[in-house]
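Letter by letter, the chains look like this.
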Amino acid sequence: MSSTTRPDTSARGRAGKIVGLVLGGLALVVVGFYAVGYFAASDKLPRDAAIAGIPIGGLTRDQAIDKVETELGPKATRAITVTVDGKDHEIDPAAAGLGVDIPATVDEAGAGRSADPRHIVRILTGGEDRAPKVIEDRAKLEAEVAKIAEKSDRKGTDATIKIDKGKVKTTKSEQAHTLDRQATADRVRGAYLNTDVVEVSTAKQDAEISDADIAEAKAYAEKAVSGPVKVKVENEGEFTAGPQTIGKSITFAVENEKMVAKVDPKKLAEGIKADIESVDIDKPVDARVEISGGKPKVIPAKDGWEIDSTVAVKAVTDTLTKSGKDRTVEIKAKKVKAKHTTDQAKKSGVKEVVSSFTSAFPHAAGSNYRTINLTVAARLMNNTYLAPGETFSLNEQIGPRSKSQGFVDGSFIEGGVLKQGLAGGISQSATTVYNAAFFSGLEIVEHQPHTLYFDRYPAGRESTVYYPSIDVKFKNNSPYGVVLTASVDPSSPGKKGAITVKLWSTKHFEVETADPVKSNFYSGTTRYSDDPKCVPQAPIKGFTAKYYRIIKVNGKQVKREDYTWRYSAGDDIRCR
């Protein structure tokens, strides 16, 4: 028969009771400790309580708040100086969203009763010196720092170089300055209540093009414009490329992170063009046809010499880095033939008048400016020869109007008003040239009718001219040469004058047209002028004019052109 051994339960039971008694005792101690702390708390703060070194032990909550506000308040509201690269900027803590929650800080220091264990500990240990509870509005702080950044940041600038009026001018590069806004805001937050000054520096970044990067270009440019370059043309003459001309041809560009100076051949060629043309050289002369004694006459071509602009440009460019006497170079002119030969002129087909137009003009009392100015214009454009493909320009043929040409003051239209000015009245030549070209069938390149209508002109089918902006141009798009002749029958008291333009060639085009049609008439207003130069003006009707041109070759229509022009109404201008 087996026997069973029972465990000694009495020993374990005793141990458990002991543990329970110990834990219970500890609990009673803790509860007692907690109760003592809780009930020990009163309306006064612990004896050793302080905030930022300000003792508040034994004070009531309200007394502590008043004391801290009195002693800490000025410090909490004092401006913080932010020194950026040696320059001071001030930040107002309130504007930056920085402040101190004094009541909350006093409460945390141990004011009053609280079930918070930390509060109980502070009561029982007598309190401590606590840091103020800081209020922070990060958005406001960053906004104030941004204002400082806007003043302290600086964009970097590259070094620059240019040539102005033959002088090299440069500007120095500057570093970019950038304030780290986040880091600066952190520094300001850390300085609050601790120090009144925060010193920070902007990050510096060098410019892409430094002073050193333009040094070589500067040295080249200064040498290039250090004086004129004299170009001698062998056995023909010489011309000079001056510093300003040279300077205008030099360009600057960044290559491989450095500024490079180069001569632009096209700009230099344009700059010395007039200088080259001034050389007294026996230039080639194209053959042409003139009308003499009512008959065509061939003026033979003449071969001559020409200065090659490409050669001249290279010679000047190669001399730019030299000094003194070495800035003189010699080139050779080249023999060239005339572009339009004598044989071509003989075969040009100029043999008859293919179109002619005459327009009458009233006599101008006093200076008779119309006769004078139209006679000068006719002389300057008479016997103009156009080879096939060439274009006639009235402005190019007459050139800038001047008294040395023989022009005098006369009436002209500006802004719908008659005024006095040099060469007034020569628009009559423009109308006459335009109509001669119109009836010849040649291509009209450019023309513009007057703004006001004068009944001595065909409505719409007329033109004005004003140097250099308004011109009359037509192109010889026929297979034959064309000669323009012009003559003036002067006016006199009681007798109208007239200007006639003829185009001589071989008849190639046939032209059909009709009288212009007028419509949509309207009137202007009455205006009074105190201008000392006022010219009285009778009212002029405004209207729309329409006309057309049909061009045929060998009886077959090749083109139809429709034209419309709206004339302004001329005001009744009365001078006071």
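See above for the structure.
In this text the structure is predicted, and so the values were computed from the model without any measurement.

Report on the state of the cysteines, specifying residues and quantitative values.
Inspection of the entire model under this criterion finds one disulfide. A sulfur-sulfur distance of 1.9 Å marks the disulfide that ties Cys534 to Cys575. Here the disulfide of Cys534 and Cys575 is left-handed, its torsion about the S-S bond being about -80°. On the criterion of sequence distance, the pair formed by Cys534 in the loop between strand E33 (526-529) and strand E34 (542-553) and Cys575 in strand E36 (residues 572-575) is long-range, its members being 41 residues apart. In this structure Cys575 comes out as partly exposed when scored by relative accessible area, which is 32%.

Tell me what's going on with the sheet that holds strand E3 (residues 80-84), and back it up with residues and numbers.
Paired through backbone hydrogen bonds, the strands of a sheet run either parallel or antiparallel to each other. Taken in spatial order, the three strands line up as E4-E3-E11 in an open sheet, and their pairing is mixed. Sheet topology places strand E4 (87-91) and strand E11 (197-200) at the edges, where each strand pairs with a single neighbour. Between one strand and the next, the sheet's axes are offset by a mean angle of 25°, whatever the strand orientation. Across four bridges, the pairing between E3 and E11 is parallel. If you follow Thr81 over to E11, its bridge partner there is Val197. Set on the sheet, helix H5 (residues 138-152) makes contact with E3 and E4; between it and E4 the angle comes to about 160°. Of the strands in this sheet, E3, E4 and E11 touch helix H6 (residues 181-191), which is tilted by about 155° from E11.

An account of the nonpolar core is needed here, citing residue identities and associated values.
If you look at the biggest cluster of nonpolar residues, it comprises 37 residues, and the most contacted ones within it are Met381, Phe392, Leu394, Val433, Phe474, Leu484 and Leu503. No other element matches the six residues that helix H15 (residues 427-440) contributes to this core. Excluding residues within four positions of it along the chain, Phe474 makes contact with Leu386, Glu390, Thr391, Phe392, Val433, Ala437, Leu442, Glu443, Ile444, Val445, Leu484 and Leu503.

Rules used throughout
Residues numbered from 1 in each chain as written. Predicted model: local features only at pLDDT ≥ 70, side-chain atom pairs only at ≥ 80, totals over all residues. Heavy atoms only, no water. Disulfide = S-S within 2.5 Å. Helix = DSSP H or I, 4+ residues; strand = E, 2+ residues; numbered from the N terminus. Buried < 20%, exposed > 50% of the residue type's maximum accessible area, 1.4 Å probe, protein only. Pairing = 2+ DSSP bridges. Axes fitted to C-alpha atoms, helices over the stretch in contact; angles between N-to-C directions. Contact = heavy atoms within 4.5 Å. Core = buried A, V, L, I, M, F, W, Y, C linked by side-chain atoms within 4.5 Å.

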